[in-house]
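Examination of the molecular architecture
The lines below spell out each chain.
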Amino acid sequence: MKKRAHSPSAGDPQFIPGIYNYCDRWCERCPFTARCMPFAMEQEEEKTSGAKPADRAAFWKKLEESLTLTREMLSDLAETHGVKLDPAELQAIGRDEQQKQRTAEQHPLAKASLRYSRMTDDWFKSGEGTLRAKEEEVLAQAKLGVAGVNEEVASLTDVVEILRWYQHQIYVKLMRGLNADKEYEVTSEFPKDSDGSVKVALIGIDRSISAWLRMKDFFPEKTDSVLTMLVHLDRLRRSAETEFPKARSFVRPGFDTNE
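We now turn to the structure provided with this report. (Residues numbered from 1 in each chain as written. Predicted model: local features only at pLDDT ≥ 70, side-chain atom pairs only at ≥ 80, totals over all residues. Heavy atoms only, no water.)

1. Brief notes about the packing of aromatic side chains
Summed over all chains, the structure comprises seven aromatic pairs. Centroid distance Phe 32 to Phe 255: 5.3 Å. Interplanar angle 75°. Geometry classified as edge-to-face. Taken as a pair, Phe 32 in the segment before α1 (37-49) and Phe 255 in the segment after α9 (223-243) lie far apart in primary sequence, 223 residues in all. Residue Phe 32 is classed as buried on the basis of its relative accessible area of 15%. Looking at Phe 255, the relative accessible area reads 25%, which means it is partly exposed. Consider the rings of Trp 123 and Phe 124, whose centres lie 5.3 Å apart with planes at 80°: the pair is edge-to-face. On the basis of relative accessible area, Phe 124 is assigned to the buried category, the value being 7%. One aromatic cluster is present, built from ring pairs that chain together Trp 26, Trp 165 and Tyr 166. Directly above the ring of Trp 123 sits Lys 222, whose terminal nitrogen or CZ lies 5.1 Å from the centroid. (Phe/Tyr/Trp six-rings, centres within 6.5 Å; stacked < 30°, edge-to-face > 60°. Helix = DSSP H or I, 4+ residues; strand = E, 2+ residues; numbered from the N terminus. Buried < 20%, exposed > 50% of the residue type's maximum accessible area, 1.4 Å probe, protein only. Lys NZ or Arg CZ within 6 Å of the ring centre and 35° of its normal.)

2. Some remarks on the packing of helix α4 (residues 108-126) against α9
The contact between α4 and α9 brings their axes to 10 Å, and the two run at 160°. Between α4 and α9, the angle falls in the class roughly antiparallel. As for the relative orientation of α4 and α9, their crossing is left-handed in sense. For the pair α4 and α9, contact is made by Leu 109, Ala 112, Ser 113, Arg 115, Tyr 116, Met 119, Thr 120 and Trp 123 and by Ser 225, Val 226, Thr 228, Met 229, His 232, Leu 233, Leu 236, Ser 239, Ala 240 and Glu 243, respectively. Of the residues assigned to the contact of α4 with α9, the class counts are 10 nonpolar, six polar and two charged. (Axes fitted to C-alpha atoms, helices over the stretch in contact; angles between N-to-C directions. Parallel < 35°, antiparallel > 145°, perpendicular 65-115°, else oblique. Left-handed = near helix turned anticlockwise from the far one by under 90°. Contact = heavy atoms within 4.5 Å. Nonpolar A, V, L, I, M, F, W, Y, C, P; charged D, E, K, R; others polar.)

3. Some points on the packing of helix α8 (residues 193-218) against α9
Angle between the axes and distance between the axes are the two parameters that describe a pair of packed helices. It is the contact of α8 with α9, at a shortest axis distance of 10 Å, that shows an interaxial angle of 160°. In this view, α8 runs roughly antiparallel relative to α9, as classed from their interaxial angle. Between α8 and α9 lies a crossing of left-handed hand. Residue-level contacts link Val 198, Leu 202, Ile 205, Asp 206, Ser 208, Ile 209, Trp 212, Leu 213 and Lys 216 of α8 to Thr 223, Val 226, Leu 227, Met 229, Leu 230, Leu 233, Asp 234, Leu 236, Arg 237, Ala 240 and Glu 241 of α9. Class assignment of the residues belonging to the contact of α8 with α9 gives a composition of 13 nonpolar, two polar and five charged.

4. With respect to α9
Here α9 is 21 residues long and its end C-alpha atoms lie 30 Å apart, about the 30 Å a rise of 1.5 Å per residue gives. Here α9 has its buried residues at Val 226, Met 229, Leu 230, His 232, Leu 233, Leu 236 and Ala 240. Each buried residue of α9 lies within a common arc of 165° when the element is viewed along its axis, so the set occupies one face. Exposed residues pointing more than 90 degrees away from the buried face of α9 are listed as Asp 224, Arg 235 and Thr 242. (Expected span 1.5 Å × (residues − 1). Arc of directions from axis to C-beta.)

5. Observations regarding the nonpolar core
In this structure, Leu 163, Ile 170, Trp 212, Met 215 and Leu 233 are the most contacted members of the largest nonpolar core, which totals 37 residues. Elements with a minimum of two residues in this core: α4, α6 (149-178), α8 and α9. The leading source of residues in this core is α6, at 10 residues. Once you skip the residues sitting within four places of it in the chain, Leu 233 turns out to touch Tyr 116, Ile 170, Ile 205, Ser 208, Ile 209 and Trp 212. Counting residues in hydrophobic clusters, the runner-up holds six residues, among them Ile 16, Ile 19, Cys 36 and Phe 39. (Core = buried A, V, L, I, M, F, W, Y, C linked by side-chain atoms within 4.5 Å.)

6. As for the environment of Pro 38
When you line up the elements, Pro 38 lands in helix α1. Residues Pro 38 and Phe 15, spaced 23 residues apart in sequence, show a C-alpha to C-alpha distance of 9.6 Å.

Encoded structure:
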């Protein structure tokens, strides 16, 4: 595929290198979209195709698929130039990666974060009627012109969006941290990628805790169940900080710099 002359370029100084490696992929709330190359690629694709992707997750999946295709092209290129890739060695690497994945999945952090995502689903399912009743209540108040209702609706919507956005991502980011190449990170002079990934998870936990506290204000009758969520998240946060003591101090490009 020929690269279009107006396509976003990684060498463009307007883009912050690697900023997308340590973000929460919530582009609608990100102040750095103008400096993010994947976001620019998404916008370019929308303009070129004339259609908006069904959702952002689909875009990231497509980006990951393109990286897989790139690896396959490199493999073909190596074969063309006589560079031999030992199939047995590649299979051994694949087995090692699968073992790392299985080991990470059994880590207490992985189990606790996966449990949290399921707890969140259960909480919303059990409180579906309460949420619907609250919605009907504020809509009725809005019709009567009660002051502050619009702000309340916006706030409740924001709380739900935050909880739903991070409930699965916390697990994904912690898993990425647990899956990192520890041997490489020990010898590398660069900051640990695992710390950067876990920092994003910790930020998601922080924001989720704040959202649950706000949820408790909206539904005082569900205080006990909300406190259960808060206790679980607080334990998860402290465990992650213990396992990755330098994660909080990791400097993410753009987000934690003056760019």
